[in-house]
Amino acid sequence: MNQQLKLFDHLTHRANLHSSRYGWLRLTPAYSVHLVKTVLDDVRLQPDSVVLDPFCGTGTTALVCAEQGIACDTIDINPFLVWLTKAKTQVYDPDDIRGLLEASQAIVEMVKTTRVLTPVWIPPLHQIEKWWSAEIVHILGFVMRMICDMEQSLDTRILDLLKIAFCRTMITHSNASFNHQSMSFKKTANYSPFFNPRDDVIITWEAAIHDLAQAARTTIARPPRTFVGDARQLSTLLTAHYYACVITSPPYPNRMSYIRELRPYMYWLRYLSDGRQAGELDWQAIGGTWGAATSHVSKWVPPHQLSIPHPLFSTILERIAERSDTLTRYVHKYFYDMAKHIEELFIVTAPGGSVHYIIGNSKFYDVLVPAEEILAALFEASGFTNIAIKPIRKRTSKKELYEYIVSAIKP
Ligand SMILES: C[S@@+](CC[C@H](N)C(=O)[O-])C[C@H]1O[C@@H](n2cnc3c(N)ncnc32)[C@H](O)[C@@H]1O
């Protein structure tokens with residue numbers, strides 16, 4: 001099976017990198033565009049069918065639908081990701097592209113010719129000096145100041161593109177490297193005396209603007225509707241309950257926190273102003289563990305009696321409890337939240353509609369958490385039928401960790 005699953009590596013976010021708008025920002029929550037297309041090819045939608053992605057992330061489902069002219073609603077708890085999805089899936093006309101190139105040129109000229117680059121504002125990111133050298137922070141702060149100064153005169157669509165170019169430039173020049181579960185800082189390079197950081201930043205910026213302008217010209221047949229909201233409250237958030245197909249990937253129960261990787265973007269674009277806020281936002285997210293979220297999890301008890309209908313669930317919790325009380329609560333809360341989500345999902349899915357969830361299992365100490373099986377059991381308990389679990393690929397070099405697609409039908 002391992003050999004076979006390796007072949008499906010094109011079904012990961014890496015497959016999005018070279019494809020137009022999909023690669024505007026390379027963030028690890030993303031799954032593969034091919035995966036979404038494969039599901040859409042299989043489900044045969046009617047012309048008036050609407051697709052839902054309740055865990056939008058970087059908007060892969062929404063963008064595939066937008067390009068194919070399929071109506072799609074998408075939701076995420078994180079407002080930065082909803083903004084990014086909206087920017088990736090909107091229609092840009094030739095005036096927008098012209099406006100982008102002109103604004104970019106004005107920024108480049110100012111960065112080149114201003115003697116001392118004074119930013120008006122530097123994000124209050126903890127230990128910012130580990131992320132960027134002081135010189136780079138000043139250049140970035142100056143560019144962001146110029147973008148903010150243009151807010152009154154430019155159309156939002158142009159500003160969105162400038163902000164994405166900023167994000168790409170900012171992350172390219174950061175010292176951070178993101179691995180699967182941890183983040184580390186590269187050593188600051190020793191530059192030659194001839195190295196000019198302004199020129200270096202400008203090169204990255206211009207490359208980003210070039211890519212964005214190219215991809216923004218591509219056709220969007222039908223932009224999605226985007227919502228900031230909670231997937232555990234779908235029936236109140238979405239007024240129409242008619243989704244013919246749901247294609248999504250919820251967080252996995254693996255303690256990975258999206259906020260961790262998204263922090264630099266969210267601070268620079270002012271979605272976050274301190275660490276407490278980051279922790280509170282992650283506490284709202286299913287499976288969140290960043291900052292205050294972990295201390296909340298360590299005190300969490302299920303607010304209502306809600307049994308998780310998998311025969312091994314209590315045994316799994318008991319075995320994890322032998323090693324860590326917090327992890328036990330984390331796993332319990334994760335599936336409790338997913339149970340709430342799936343109850344709501346059942347309400348908003350149209351009769352005959354299909355749901356397709358990409359999920360990874362996990363392992364804590366020596367205890368395997370079969371997330372795909374538990375998810376399937378939750379679908380069944382909520383009333384879904386025709387439940388199928390298919391492995392997609394092996395996830396890491398760690399034994400027994402796989403990604404699955406779990407599908408079901410609302411009768
Ligand atoms: C695995 S990612 C989705 C990735 C997406 N398929 C893509 O291609 O980018 C899971 C997403 O769920 C979001 N999320 C977590 N808890 C949520 C909640 N309660 N309601 C809505 N979205 C939530 C996270 O912010 C994250 O963006």
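Residues numbered from 1 in each chain as written. Predicted model: local features only at pLDDT ≥ 70, side-chain atom pairs only at ≥ 80, totals over all residues. Heavy atoms only, no water.

1. Considering the site of the ligand
At step 1: What surrounds the ligand is a group of 23 residues, the closest being Thr58, Thr60, Asp76, Ala231 and Ile286.
At step 2: At 2.9 Å from an oxygen atom of the ligand is found a main-chain nitrogen or oxygen belonging to tyrosine 31.
At step 3: Take threonine 58: an N or O atom from its side chain is 2.6 Å from an oxygen atom of the ligand.
At step 4: Isolated, the ligand exposes 600 Å² of accessible area, and the fraction of that covered by the protein chains is 99%. (Near = heavy atom within 4 Å. Polar contact = N/O pair within 3.5 Å; in protein donor to acceptor, adjacent residues only side chain to side chain. Areas by Shrake-Rupley, 256 points an atom, 1.4 Å probe, with all protein chains shown as cover.)

2. Some thoughts on the packing of aromatic side chains
At step 1: Applying the stated criterion to the full structure yields 17 aromatic pairs.
At step 2: Relative to tyrosine 336, the ring of tryptophan 300 lies with its centre 5.5 Å away and its plane at 70 degrees, an arrangement referred to as edge-to-face. Of this pair, tryptophan 300 sits in the loop between α13 (292-297) and α14 (313-321) while tyrosine 336 sits in helix α15 (residues 325-348), and the two are 36 residues apart along the sequence.
At step 3: Residue tyrosine 336 is classed as buried on the basis of its relative accessible area of 4%. (Phe/Tyr/Trp six-rings, centres within 6.5 Å; stacked < 30°, edge-to-face > 60°. Helix = DSSP H or I, 4+ residues; strand = E, 2+ residues; numbered from the N terminus. Buried < 20%, exposed > 50% of the residue type's maximum accessible area, 1.4 Å probe, protein only.)

3. Topic: the sheet that holds strand β11 (residues 402-409)
At step 1: Reading across from one edge, β5-β2-β1-β6-β7-β11-β10 is the order of the seven strands in this open sheet, with mixed pairing throughout. Looking along the sheet, the strands with just one partner apiece sit at the ends: β5 (225-228) and β10 (385-394). Direction aside, neighbouring strands of the sheet carry axes that sit 15 degrees apart on average.
At step 2: For strand β7 (residues 349-360) and β11, the ladder comprises seven bridges, and the chain directions are antiparallel. Among the inter-strand pairings, isoleucine 359 is bridged to a residue of β11, identified as tyrosine 404.
At step 3: Running at roughly 170 degrees to β5, helix α4 (residues 79-89) makes contact with β2 (71-76) and β5 of the sheet.
At step 4: Strand contacts of helix α16 (residues 371-382): β7, β10 and β11, with the helix running at about 165 degrees to β7, the strand carrying the most contacts. (Pairing = 2+ DSSP bridges. Axes fitted to C-alpha atoms, helices over the stretch in contact; angles between N-to-C directions. Contact = heavy atoms within 4.5 Å.)

4. Let's talk about the nonpolar core
At step 1: Residues Val331, Phe335 and Phe379 are the most contacted members of the largest nonpolar core, which totals 67 residues.
At step 2: The element best represented in this core is α15, accounting for 11 residues.
At step 3: When near neighbours in sequence (up to four residues on either side) are disregarded, phenylalanine 379 contacts Ile342, Leu345, Val355, Tyr357, Phe384, Ile387, Val406 and Ala408.
At step 4: The next biggest cluster of nonpolar side chains, apart from the first, holds 59 residues, and it includes Phe80, Met150, Val201 and Tyr265. (Core = buried A, V, L, I, M, F, W, Y, C linked by side-chain atoms within 4.5 Å.)

5. Details of the packing of helix α3 (residues 60-68) against α4
At step 1: Packing of α3 against α4 leaves a shortest axis separation of 10 Å and a crossing angle of 20 degrees. Here α4 runs roughly parallel to α3, going by the angle between their axes. Handedness of the α3/α4 crossing: right-handed. Each of Ala62, Leu63 and Ala66 in α3 lies in contact with α4, whose residues at this interface are Thr85, Lys88 and Thr89.
At step 2: Broken down by class, the residue content of the contact of α3 with α4 amounts to three nonpolar, two polar and one charged. (Parallel < 35°, antiparallel > 145°, perpendicular 65-115°, else oblique. Left-handed = near helix turned anticlockwise from the far one by under 90°. Nonpolar A, V, L, I, M, F, W, Y, C, P; charged D, E, K, R; others polar.)

6. Side note on the pattern of salt bridges
At step 1: In this structure the tally under the stated criterion is 14 salt bridges.
At step 2: For the salt bridge of aspartate 95 with arginine 98, the shortest nitrogen-to-oxygen distance reads 2.7 Å. In this pair, aspartate 95 and arginine 98 are both assigned in helix α5 (residues 94-113), three residues apart and thus about one turn of the helix distant.
At step 3: Among the residues examined, aspartate 95 registers a relative accessible area of 49% and is labelled partly exposed.
At step 4: Residue arginine 98 is classed as partly exposed on the basis of its relative accessible area, which comes to 46%.
At step 5: Each of Asp93, Asp96, Asp155 and Arg157 takes part in a single network of salt bridges with overlapping partners. (Salt bridge = Lys/Arg side-chain N within 4 Å of Asp/Glu carboxyl O.)

7. Concerning the domain arrangement of the chain
At step 1: Entries for the chain in the domain assignment read domain 1 (2-82 + 224-258 + 273-409) and domain 2 (94-216).
At step 2: The partner domain 2 presents 11 residues to the eight residues of domain 1 that form the contact.
At step 3: Roughly 910 Å² is buried in total at the junction of domain 1 and domain 2, and carbon and sulfur atoms are behind 63% of that figure.
At step 4: Contact with domain 2 buries area across many residues of domain 1, yet Arg21, Trp24 and Leu25 alone supply 55% of it, more than any other trio.
At step 5: Applying the counting criterion to the domain 1 and domain 2 interface returns zero salt bridges.
At step 6: At the boundary of domain 1 with domain 2, the tally comes to two residue pairs in polar contact (both at pLDDT 80 or more). (Domains from an automatic or database assignment. Buried area = accessible area lost by both parts, 1.4 Å probe.)

8. Overview of the side chain of threonine 204
At step 1: Within the fold, threonine 204 resides in helix α9 (residues 197-216).
At step 2: Excluding residues that lie within four positions of it along the chain, threonine 204 makes contacts with Arg168, Thr169, Thr172 and His173.

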